[in-house]
Amino acid sequence: MKKIAPLILLLPIISIVALSLGATEVSELFRYIFNPFLNPESASHQIIWQIRAPRVGAAVLIGAALGVAGCLAQSSTNNPLADPAILGTSAGASLGVLLGVLTNLVSIGSAGAVVCAAIGAMAATLLTFSLARSALQLITIGIGVSAILSAIVGLTLSAVSRPDARSISFWSFGSLSLVSSKTLYVVAPVLVIAAVIAWKIAPTLDLLSLGDASVRHIGHNAQRIRLSAFAILAVLVAVTVSSVGSIAFLALAAPHIARYLCGPRNRVLVIYSGLIGALILLIADTAARSAIPPFELPIGLLTSLIGAPILILTLKKSGDIWR
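Report follows, based on the coordinates. Note that the structure is a prediction, hence the values are computed from the model and not measured.

**Some details on unusual backbone geometry**
For Asn-104, which is not glycine, the phi torsion reads 65° and is therefore positive. Positionally, Asn-104 belongs in the loop between α4 (89-102) and α5 (111-131). Exposure remark for Asn-104: the relative accessible area of 62% places this residue in the exposed category.

Below, the structure written as structure tokens:
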């Protein structure tokens, strides 16, 4: 657990850096950062606390949620390749919230969008799991389900002619540009509660590494444990997809890096995965909006660019860290 202190310390440091970077130069920058009540009507205050701060907060929350979601996916399936994208969870959430938006039932970032995304995420995950009969099938069928649902999302976006289709299309590739304080009010409580529940059930996920027969012999139901993990996974992915879209690779990379730092025990692994996911997304989003202002780079490309080399180096240095 000693390795967790640097990760916790890095979060506020990088958050302050993120608040200071952007397309617009802010006068008396650090006075406004360290005094959020200073001259609230000024342009500097509004840029930092109305535009940048919600985005920084969302990057931390969404990154942590994806890290925890990846940990749940890998531990519940006992498969190092599992993540919400490969299981079809992310694509199902995207389709659910897209249908809700296009039918005018919900708006992006609202509580209703979270519900639509959760239904789609859970349905897609259960479909993948019910069709698979082995670990290999779980991955291959998950890729197939994800491809089908992603194709439906893409075709739907291509077919619609609504004025807001462009923003929906941009959101479907992952972006924090639409985040506001209102978004945080919706997603923060749900993500915190789901993460706490994930931490509470984490010890039961350790049992799944013994195999279903052994789990049954010690008085637990393996399928019930997986179903609980899938339910929390669906909620975490639903909140992220409904507010910022699908962000690639992060949920796969963060748990592997965390496993190298803290080992396989899921109660600790959930915490480390969340912290690493938050750090990666915060760094990626800061780079996305400040690298070539006023343009913004695709966040999914940057999460892959940052997370992939770290994952490769981690696995190369540690060898087989799975169990």
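**Some remarks on the state of the cysteines**
Among covalent bonds in proteins, the disulfide is the one between the sulfur atoms of two cysteines. Evaluated as defined, the whole model comprises 0 disulfides. In this structure Cys-71 is a free cysteine whose sulfur lies 8.2 Å from that of Cys-262, the closest cysteine sulfur available.

**Considering the packing of α4 against helix α10 (residues 222-244)**
For the pair α4 and α10, interaxial distance at closest approach is 9 Å and the crossing angle is 55°. When the axes of α4 and α10 are compared, the pair comes out oblique. Crossing of α4 against α10: the hand is right-handed. For the pair α4 and α10, contact is made by Thr-89, Ser-90, Ala-93, Ser-94 and Val-97 and by Leu-233, Ala-234, Val-237, Ala-238, Val-241 and Ser-242, respectively. For the contact of α4 with α10, the class distribution of residues is 7 nonpolar, 4 polar and no charged.

**Some details on the packing of aromatic side chains**
Taken as a whole and assessed by the stated rule, the structure comprises 1 aromatic pair. When the centroid spacing of 5.2 Å and the interplanar angle of 75° are considered together, the rings of Phe-129 and Phe-230 count as edge-to-face. With a gap of 101 residues between them, Phe-129 in helix α5 and Phe-230 in helix α10 connect regions that are remote in the sequence. With a relative accessible area of 22%, Phe-129 lands in the partly exposed category. Note on Phe-230: relative accessible area 2%, which makes it buried. One cation-aromatic arrangement involves Arg-267 over Trp-199; the distance from NZ or CZ to the ring centre is 4.0 Å.

**Comments concerning the pattern of salt bridges**
Using the criterion set out here, one finds 2 salt bridges in the structure. The salt bridge partner of Arg-55 is Asp-285, with a shortest N-O separation of 2.9 Å. Pair noted here: Arg-55 is in helix α3 (residues 43-77) and Asp-285 is in helix α12 (residues 266-290), with a separation of 230 residues, a long-range link. Since its relative accessible area comes to 3%, Asp-285 is described here as buried. The partner of Asp-285 in a salt bridge is Arg-289, and the shortest N-O contact between them spans 3.9 Å. Highlighted residues: Asp-285 and Arg-289, both in helix α12, separated by 4 residues, approximately one helical turn. Judged by its relative accessible area of 10%, Arg-289 is buried. Residues joined by salt bridges that share partners form a network here, namely Arg-55, Asp-285 and Arg-289.

**Focus: the environment of Leu-208**
Within the secondary structure, Leu-208 is located in the loop between α8 (181-207) and α9 (212-217). Given the relative accessible area of 2%, Leu-208 is considered buried. Residues contacting Leu-208, with those up to four places away along its chain left out, are Ser-75, Ser-76, Asn-78, Val-215, Ala-222, Ile-225 and Arg-226.

**Observations regarding the environment of Arg-259**
Looking at the element boundaries, Arg-259 is found in helix α11 (residues 250-262). Judged by relative accessible area, which is 3%, Arg-259 ranks as buried. The spatial distance from the C-alpha of Arg-259 to the C-alpha of Ser-273 is 8.1 Å, given a sequence separation of 14 residues.

**Considerations on a nonpolar patch on the surface**
A cluster of nonpolar side chains, Leu-9, Ile-13, Val-17 and Leu-21, forms an exposed patch at the surface whose accessible area comes to about 330 Å². Relative to the assigned elements, Val-17 resides in helix α1 (residues 4-20). A relative accessible area of 41% places Val-17 in the partly exposed class.

**Here's the deal with the layout of surface pockets**
The calculated volume of the second largest pocket comes to roughly 300 Å³. Taken together, 17 residues line the second largest pocket, and the ones lying closest to its centre are Ala-23, Ile-51, Arg-52, Arg-55 and Arg-289. Top element by residues in the lining of the second largest pocket is α3. It accounts for 5 residues. Residue composition of the lining of the second largest pocket, by class: 8 nonpolar, 5 polar and 4 charged.

Conventions used here
- Residues numbered from 1 in each chain as written.
- Predicted model: local features only at pLDDT ≥ 70, side-chain atom pairs only at ≥ 80, totals over all residues.
- Heavy atoms only, no water.
- Helix = DSSP H or I, 4+ residues; strand = E, 2+ residues; numbered from the N terminus.
- Buried < 20%, exposed > 50% of the residue type's maximum accessible area, 1.4 Å probe, protein only.
- Disulfide = S-S within 2.5 Å.
- Axes fitted to C-alpha atoms, helices over the stretch in contact; angles between N-to-C directions.
- Parallel < 35°, antiparallel > 145°, perpendicular 65-115°, else oblique.
- Left-handed = near helix turned anticlockwise from the far one by under 90°.
- Contact = heavy atoms within 4.5 Å.
- Nonpolar A, V, L, I, M, F, W, Y, C, P; charged D, E, K, R; others polar.
- Phe/Tyr/Trp six-rings, centres within 6.5 Å; stacked < 30°, edge-to-face > 60°.
- Lys NZ or Arg CZ within 6 Å of the ring centre and 35° of its normal.
- Salt bridge = Lys/Arg side-chain N within 4 Å of Asp/Glu carboxyl O.
- Patch = residues over 30% accessible without salt bridge, like charges linked within 9 Å, V, L, I, M, F, W, Y side chains within 5 Å.
- Areas by Shrake-Rupley, 256 points an atom, 1.4 Å probe, with all protein chains shown as cover.
- 1 Å grid on protein atoms, 1.4 Å probe; cavity = no way out; pocket = protein on both sides within 12 Å on 5 of 7 lines; lining within 4 Å.
- Points joined across faces, edges and corners; volume = space filled by probe spheres on them.

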